[in-house]
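Structural characterization, general
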Amino acid sequence: MYSENLFNILGLASIFIIISLAIALAIKIEKIQELRSSISKLKKSLEETDEQAKLIVRTDIELNKTQDELDKKIAGLYALQRLSRAISTTLEETQIFMNIQNAHLEDLGFEKGVAFLWNNAEKKFRLTLNRGYDEEEIHSIMHNLELSKEFYLRLIKQEMAVSSFSLQDIKHKENINRVFKVTHFIMSPILPREGTTGFLFLGTESTDTILTEGDEELVTILANQIGQALENARLFEKTWLAQQELEKKVEERTRELSELLEEIKKVSKRKTDFISAVSHELRTPLTSIKGYASILLSEKLGQIPKAVKERLDKINRHSDELAQLVNELLDISRIESGKITMKLEPQDLKDILEAVADLLSVQLKTKDIKLDVKITKETAKVNADRNQIERVFINLIGNAVKFTPAKGKISVTSHPSDDFLQIDVSDTGIGIPEDALTSVFDEFYRVDNPINQEVKGTGLGLSLIKHIIEAHKGKIWVKSKLGQGSTFSFTLPKA
Amino acid sequence: MKAGIGLSIQKNALLVGREVWDQASIKIGQDKIDFAILFTTVNLASASLLKIIKNKLAGQPLIGCSSQAVITNSGIYKHAALLVLISCEGLNMNAAFVKDIKTKGALSAGEELGGKLVQEFTGSQREFGIFFCDGLMEEGSKLILGLQERLGKSFPIIGASASDNLRFHKTYLFFNQEIFTDAAVGILLGGGLSFGLGIKHGWKPLGKPRTVTDSHGNVIERIDNKPAVSIYRDYFAKDIAGLKKELKYISTLYPIGLYLEGEEEYLLRNILSIEDNGSLVCQGDIPLGSQIRLMIGNKESCLLAARQASEEAKQNLSALKLGQPQKYSSIDIAFVFDSASRYSLLRRGAIEELKMVKNAIGEDVPIAGFYTYGEQAPLKAIGYHGEAHFHNQTISVLGLGG
């Protein structure tokens, strides 16, 4: 009984365990299925993510390539800008190429660069730039260039850049790579508007370089700029040579003129010396003539007939004129030879003009000519030799009175001009013909007009005052129009 | 510790030698120089320059290498030489070189170099090593393995591959007055010097993970049992010829990322070439069974990585101070080993990258660096006791303090 019960209990327990296990198994199976489903979902999601990654990567590489190209272009443009500046700063052919440095080429993505210009006289290429090749290498390149110069000349003639990227002919491409020891290259003709043509070659040994049309464009621009710089250099050379020629001629003419001037100076000195000597010699007998004439005229030696008196008067007058002429000549020669020094002292122009007006009052009154002096306190002070400046005014105003018809007007004004005062003496007289304006200050020159024919003069007055003004470091000039009067202007240093 | 830097952009070796020496030695003053590091661009990599500098050094070791360009505070120079002179009290060190790596094999060359470095190291505790190797050697990873055989797996070594001007023609290593190709040079340092390293690339994984199912050394034959090239064929929808044409972009912008257990960043592998049978030749080894991903990055992520690497270097150097309070936490000089691919990618933006570094480590900290064909460093730089790997496309910043 007991064992039956035990059996039953065990049986029940077993059934319970089996049922429990079955339930647990069922739950597990369900979980496994859930996990499987999760795994498959994860796998799917992973595959999907991988697919998305593919899209990302493909877009990313395109973006990177574009960015890279852009970066390269920007770097290239910077390099080109620097190169342009470097080659445009000189007008010498050798310097143009010397200014192209390794660093510039490296910025453009190349470590080797050469340039050749065609020498038409010798029928061969001339090396003008070498960056990145040693002597032996460049020698070998030049040798190869000589062997296939027709090919390179043809390339220049095509006026187009070629590169390892654009050159279709594989044989030629490989040949260039071999000759220039590069894996990638760009070659662009150098074409100045006139003169020697050539080509610029840039290359790299780097295998991971990718050249594009953009690179080709940059190198073409560079070659064009070299061409332009060479053109400028040639034009400059031409202009320079012409200028040299011109300078040489100017130098020659100047030398000739200097010699002539020396000659003139010598002649002028001889003239001055001569005048000075003659005047001295003339003055002594002239004083005697005048003296004797005066004695005779004073009738101290006895009465003289009227006719003799008239002749003696003439002798006396002509002697005075001659004495004035001699004095003026002497003054000019003294000033010219520097024998007279100007005693420069502060002077008031108003005082001087007052004295001069007083001296000329009779003449002014006779012709009823108004002398209008417009000089203010501020424009009156000069540094001058009083006696000499009085002579200047007497001469100028005297002339003005002479050539101004009755009831005319003479005005004297002054105004500052830098360190000088400019004084203008204007009249309403008959004026000076245009062709005579340049000669009025010459010695013995007299303007051809009715008054001069009538009134005698030495022709030395204006010449003398020109010498006086110049001895004051001033200038004198005249402006005039026939029938409208004249203005004589001169400058004197301010006090 | 004192560090002096001299830069010259002259063309004549004699002038360059004088100029770099004068500039660098002024900063050291009367103190004793302990060792020198020289980076030059290929045009200046010459025995005559080394001789001039060596003559000025009183027997102290000089190591260095050639590069596409050198990096310093004032900029990036494509025709220049950069000399660093270090003076540090209580410094223990030993410099060595190994030649003829091709003949010896990268692994045994690494072992030889490691052995030489350890053998004559003076002092009790070596703390880290700097080494430079030929940038054109194919098994850079094995050289590290060899070094680790002698120095220990977790011993921090920081290295960089020499480069040339992207011609991949010849890269040079400098050891005292000698100039080598197919070689590696290194220096072990310990004693009064502390260091902080940061290394980052800035690339992120994209798409689903894949498994390398057949590979030998740096060649991946098959991925997920399909020709390796299928990873690129699928993503870019281009055939082999089309992919080859765009290899320059693919290699730098979309390298393969190698997942390493426990590391924060993926290890990058640039694709050097695509074989006609669909194999991918990588710059650095890819072990069979590796989990790999396609990686994606851009200029911004590149620049950000430069900042992170610099900050990490600064933090790591400061962190050392916590453990060893007697040490200084400030960077006296920062070495920057920057990938040449990053330079190609960033172009004019490379100067921005330099600015990022300067901002992060401090404007006044002297910087000496160059562009490499590969970088060697622990991946998880913060825990520098990690294993050193051969990297591609990273910027590694090594801060030294005394």
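What counts and how
Residues numbered from 1 in each chain as written. Chains lettered and ligands numbered in written order. Predicted model: local features only at pLDDT ≥ 70, side-chain atom pairs only at ≥ 80, totals over all residues. Heavy atoms only, no water. Helix = DSSP H or I, 4+ residues; strand = E, 2+ residues; numbered from the N terminus. Buried < 20%, exposed > 50% of the residue type's maximum accessible area, 1.4 Å probe, protein only. Areas by Shrake-Rupley, 256 points an atom, 1.4 Å probe, with all protein chains shown as cover. Salt bridge = Lys/Arg side-chain N within 4 Å of Asp/Glu carboxyl O. 1 Å grid on protein atoms, 1.4 Å probe; cavity = no way out; pocket = protein on both sides within 12 Å on 5 of 7 lines; lining within 4 Å. Points joined across faces, edges and corners; volume = space filled by probe spheres on them. Nonpolar A, V, L, I, M, F, W, Y, C, P; charged D, E, K, R; others polar. Polar contact = N/O pair within 3.5 Å; in protein donor to acceptor, adjacent residues only side chain to side chain. Contact = heavy atoms within 4.5 Å. Phe/Tyr/Trp six-rings, centres within 6.5 Å; stacked < 30°, edge-to-face > 60°. Lys NZ or Arg CZ within 6 Å of the ring centre and 35° of its normal.

**Regarding the overall build of chain B**
From N to C terminus, chain B includes 11 helices and 26 strands. Residues classed as buried in chain B amount to 63% of the 402 residues present. Summed over all atoms, the accessible surface of chain B reaches about 14800 Å², with 50% contributed by carbon and sulfur.

**What to know about the pattern of salt bridges**
Enumeration according to the criterion identifies 33 salt bridges over all chains in this entry. Among the salt bridges present, the one from A:Glu51 reaches A:Lys54, with a minimum N-O distance of 3.0 Å. Of this pair, A:Glu51 and A:Lys54 both sit in helix H1 (residues 2–88), three residues apart, roughly one helical turn. A:Glu259 is the partner of A:Arg255 in a salt bridge, and the nearest nitrogen-oxygen pair spans 3.8 Å. Here the residue A:Arg255 and the residue A:Glu259 both occupy positions in helix H7 (residues 213–297), the gap between them amounting to four residues, near one helical turn. Through salt bridges with shared partners, one network takes in A:Glu62, A:Lys65 and B:Glu246.

**So, the layout of surface pockets**
All names here are of chain A. Roughly 1200 Å³ of internal volume is contained in the second largest pocket. Contributing elements (two or more residues each) for the lining of the second largest pocket: helix H8 (306–337), helix H10 (361–367), helix H11 (386–403), helix H13 (461–471) and strand S12 (485–493). Top element by residues in the lining of the second largest pocket is H11. It accounts for nine residues. Across the lining of the second largest pocket, the residue classes tally to 18 nonpolar, 15 polar and eight charged.

**Focus on the side chain of B:Thr41**
All names here are of chain B. Assignment of secondary structure puts Thr-41 in strand S2 (residues 35–41). Of the residues examined, Thr-41 reaches a relative accessible area of 1% and is grouped as buried. Here Ala-80 takes part through its backbone nitrogen, which lies 2.9 Å from a polar atom of the side chain of Thr-41. In contact with Thr-41, other than residues within four places in its own chain, are Ser-67, Gln-68, Ala-69, Val-70, Tyr-77, Lys-78, His-79 and Ala-80.

**Structural notes on the packing of aromatic side chains**
Summed over all chains, the structure comprises 27 aromatic pairs over all chains. With centroids separated by 5.5 Å and ring planes inclined at 15°, the aromatic side chains of A:Tyr152 and A:Phe199 adopt a geometry described as stacked. Of this pair, A:Tyr152 sits in helix H5 (residues 149–157) while A:Phe199 is found in strand S5 (residues 198–204), placing the two residues 47 residues apart along the sequence. A single burial state applies to A:Tyr152 and to A:Phe199, both of which are buried. The structure contains a cluster of three or more aromatic residues connected by ring pairs, namely A:Phe116, A:Trp118, A:Phe125, A:Phe151, A:Tyr152, A:Phe180, A:Phe185, A:Phe199 and A:Phe201. Between the NZ or CZ atom of B:Arg126 and the centre of the ring of B:Phe155, over which it lies, the distance is 5.8 Å. Against the face of B:Tyr249 rests B:Lys248, its NZ or CZ located 5.4 Å from the ring centre.

Shape descriptors only; they carry no functional weight alone.
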